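# A look at the structure
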Amino acid sequence: MRELKILAVVVVLTLITYWGVEPFAHSQMHPQVDPVNYNFEEADRATSKEAVEKATKALAEAEKKADEKAIKGAKTDLEAAQTFEKTINEFWDANKEAIAATPNVANGEALVTANCTACHSIESKGFPKIMDDATAAGAYGVSTPDLGSSGKIYSKEYLVAFIKNPALGSKVSHKFTDGRVHPMPAYELMNTPQEIADMVAYLQSIAPKEMTNKEVFVDACQRCHGLKYADMQKRTMGAFSPADDITKYMGKLPPDLSQYIISRGEDSLGKFINDPQKLLEGTAMPRVGLNQESQAQVIKYLEEVGDSKKAQREELGPKFLIYLVIFAIFAFLWKASQWRDIH
Amino acid sequence: MAQFEKANSVGEWLDQRLNIKTFNKVMMTEYWIPKDINFLWAMGVLLATTFGILIISGLFLMMYYKPDIKLAFDSVNYTIMQEVAFGWLFRHIHGVAASVVFLIIYIHMLTGIYYGSYKQGREMIWISGMLLFVTFSAAGFSGYMLPWGQMSYWAAMVITNLFGGVPVIGDALVVWIRGDFNVADATLTRFFMLHVFLLPIVIMGLIGLHFYTLRIPHVNNQSSEDIDFDAEAEKYLSGNKKESKVIPFWPIFISKDLAVLGVFLIFYFYLVFFHYSFAMDPVNFDPADPMVTPAHIYPEWYFLWSYEVLRGFFFDIAGIKAFDIGLIAFAFANGIFFVLPWLDRDSKILPAHKRPLFFIWFWLLVVDLIVLTVYGKLPPTGTNAWVGFFAAVAFILLFVLLPVITKLDQKRRG
């Protein structure tokens, strides 16, 4: 009995320490963010509203402290947040027409062929790359994606938003200020909402029905990110854009993602891919715009590559534990037999 | 030369040459252990087992690990974790054991403190144990650096920087330890040598010493009773097993150890398979990047308490720089346990529950160590910094007060 009491004390103290240095410490170190939301309109309206609330609170606090410099900074922040809220809400209001329009696929094909293939390949429809990845990255900062799968991996709403205004659609407008512009032009200046709807409908019509996890990763992520553990021997899984160009374009070399499933974990990766700004405010990484299915495929692929022995681990684990339970039972029986004539 | 006759068995043949029967008696069947012990006394065998596990798994890992800053990260995370058959198992076994070994060491240490096992006659057991603790810490730290992950790199940066606080030779000392002006390839290769050769050898020697220190004063017991081992052993050998206060190491004592080991291994392998990540900081799965500092730098959990004592002093006091006060406190925290046998002024050996003030002191120490550990990981801002400061001060005060407290206990007992 006494030993069980001692064991209880040891276990409780160990668990308190564990709780303190693991779940509790990590909850204190990492920001709490809203859950993943694939309805980008709803998400954008919510996050920009939250940003205004946060800035208002910061201003109130600065005013309480009566710190002139802080008040001035907080005021600027609040104005920026309010301006952005107005911009993003107007942007989504304007997207409504194109999203609701009844599209014409044939017209979309003509428009895509005329507008997009100058920079983008659509290999499945006989439009090869005009420039290789390195040349494209030299010209635009980042290699241009093939449009064959866009209609599958991105949602209709996202495609509309992105074509209309790439910087706002992918939440990187903070990067393109002071005369810098997104390498892809905003088509809201050249096309009507109906035409944008037609283009999106065409992209959706040519998209493959099924894609492997790897294919989604290649189309969605590999222009910027390498995944070297996916092919260590042949080294074919490096980023398409040369390091120098992409570093210049993004401000920092996008990391190789080989171990991200372990260093970030599924949950955090999901939130980050869904909206990079949430976990890393001001990051140059765009909201890629993946729909739920494609995002799950990307994360699954990161796990297949970065944690390839997971299945083996989960299969072997229980067997090990069963063996050890049997060992412990025999050890206790032996102990009992040895101590019988001692007490 | 001794007389050799034809042996009738391998055992006999060996006995003639190596005297294994006597050896067995001295080391096992007539090595006497008090009967009045609880499972906390099995921690020694648990530690020896865990150290064995570390050595064996470490040997396998060494076959594939590359001590080169360009190759180290991938050799661990790709070659060992993904290419080598069951490499992941050996890494998890090694990584989790490295963490769990400290949990057991702390339980072992606190058991010793609670039952007064460091007192009169057993000082050398305590000191050799503390030397083991320090060497294990060095081995843990040098091994932590090897995968060349982001946190291990910055931990190496911070820890080696501490030596810069040594008066006069500080800066030169840092360069000497690193082998470079920065934590770099030279640092990695020497830490590799320390981790796989020098420190394990020293640990093995110290384990031998630690075992040897037990032979003459013998192991303490639950009631801290002073046992006449020779008389009790005679009782046992004459068949009076129930009355004898001692039992032989083999097979009686070890049978209980094995039962405890069984439970421990279930816990340990549960961690290895299903919760290995607790021992592996996620930040360490980003390759080391000298250009980017992690948002929070913290050591592994088992160093957090002394790390918090170090950074608890975050403001200058009486013209002495915060960094210097922290360093002195840090040196105090790591050295003070060595002199514990002399800080305890009570002339009798008794378990803590029979020494009222010491009992309170002991639990305050445990609580303070837990507070230091938890706050050692939290960002040192606002209230956290102040909790850290007071916990660090409390830690030092506890040891300053110990001689007084133990003397008072003795007086009250009369």
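Small disclaimer: the values here were computed from a predicted structure and weren't measured.

### Description of the overall build of chain B
Of the regular secondary structure elements, chain B holds 16 helices and two strands. Looking at chain B as a whole, 53% of its 414 residues are labelled buried.

### Digging into the overall build of chain A
If you tally the helices and strands in chain A, you get 16 helices and zero strands. In terms of overall dimensions, chain A is more spread out than a globule: its C-alpha atoms have a radius of gyration of 27 Å, far above the 20 Å expected for 343 residues. Each of the three principal axes of chain A carries a C-alpha extent, and together these read 95 × 60 × 40 Å. The proportion of buried residues among the 343 residues of chain A is 45%. As displayed, chain A has an accessible area near 18200 Å², and 59% of this comes from carbon and sulfur atoms. One way to put it: in chain A the 40 positive side-chain charges average out to a point 6 Å from where the 46 negative ones average out.

### Re the nonpolar core
Judged by nonpolar contacts, the single largest core of 189 residues is most densely connected at B:Ile113, B:Tyr268, B:Phe337, B:Trp361, B:Phe395 and B:Phe399. Beyond its immediate sequence surroundings of up to four residues, B:Trp361 is in contact with B:Ile113, B:Leu340, B:Leu398, B:Phe399, B:Leu402 and B:Ile405. Of all hydrophobic cores here, the second largest spans nine residues; its members include A:Val172, A:Ile246, A:Tyr249 and A:Met250.

### Points about the UniProt feature "domain: Cytochrome b/b6 N-terminal region profile" (unreviewed entry) in chain B
Cross-referencing UniProt, the feature "domain: Cytochrome b/b6 N-terminal region profile" (unreviewed entry) maps to residues 10-223 of chain B in the present numbering. Here residues 10-223 of chain B runs as 72% helix and 1% strand, with 43 Å between its end C-alpha atoms.

### Here's the deal with the UniProt feature "domain: Cytochrome c" (unreviewed entry) in chain A
Residue and element names in this part refer to chain A. Sites flagged by UniProt as "domain: Cytochrome c" (unreviewed entry) map to residues 103-207 and 208-306. Between the end C-alpha atoms of residues 103-207 there is a gap of 16 Å, over a span that is 48% helix and 0% strand. From the first C-alpha to the last, residues 208-306 spans 27 Å; its make-up is 49% helix and 0% strand.

### Digging into the pattern of salt bridges
This model, assessed by the stated rule, comprises 29 salt bridges over all chains. For A:Asp275, the salt bridge goes to A:Lys171, with nearest N and O atoms at 2.9 Å. Remark: A:Lys171 occurs in the loop between α8 (166-169) and α9 (193-206) and A:Asp275 occurs in the loop between α13 (265-274) and α14 (276-279); sequence separation between them is 104 residues. A:Lys171 shares its class with A:Asp275; the two are buried. When the shortest N-O distance is used, the salt bridge between B:Asp286 and A:Arg264 registers 3.0 Å.

About the thresholds
- Residues numbered from 1 in each chain as written.
- Chains lettered and ligands numbered in written order.
- Predicted model: local features only at pLDDT ≥ 70, side-chain atom pairs only at ≥ 80, totals over all residues.
- Heavy atoms only, no water.
- Helix = DSSP H or I, 4+ residues; strand = E, 2+ residues; numbered from the N terminus.
- Buried < 20%, exposed > 50% of the residue type's maximum accessible area, 1.4 Å probe, protein only.
- Rg over C-alpha atoms; globule rule 2.2 N^0.38 Å.
- Areas by Shrake-Rupley, 256 points an atom, 1.4 Å probe, with all protein chains shown as cover.
- Lys, Arg positive; Asp, Glu negative; His and termini not counted.
- Charge placed at Lys NZ, Arg CZ, Asp CG, Glu CD.
- Core = buried A, V, L, I, M, F, W, Y, C linked by side-chain atoms within 4.5 Å.
- Contact = heavy atoms within 4.5 Å.
- UniProt positions renumbered as here; feature names shortened; annotations may be inferred.
- Salt bridge = Lys/Arg side-chain N within 4 Å of Asp/Glu carboxyl O.

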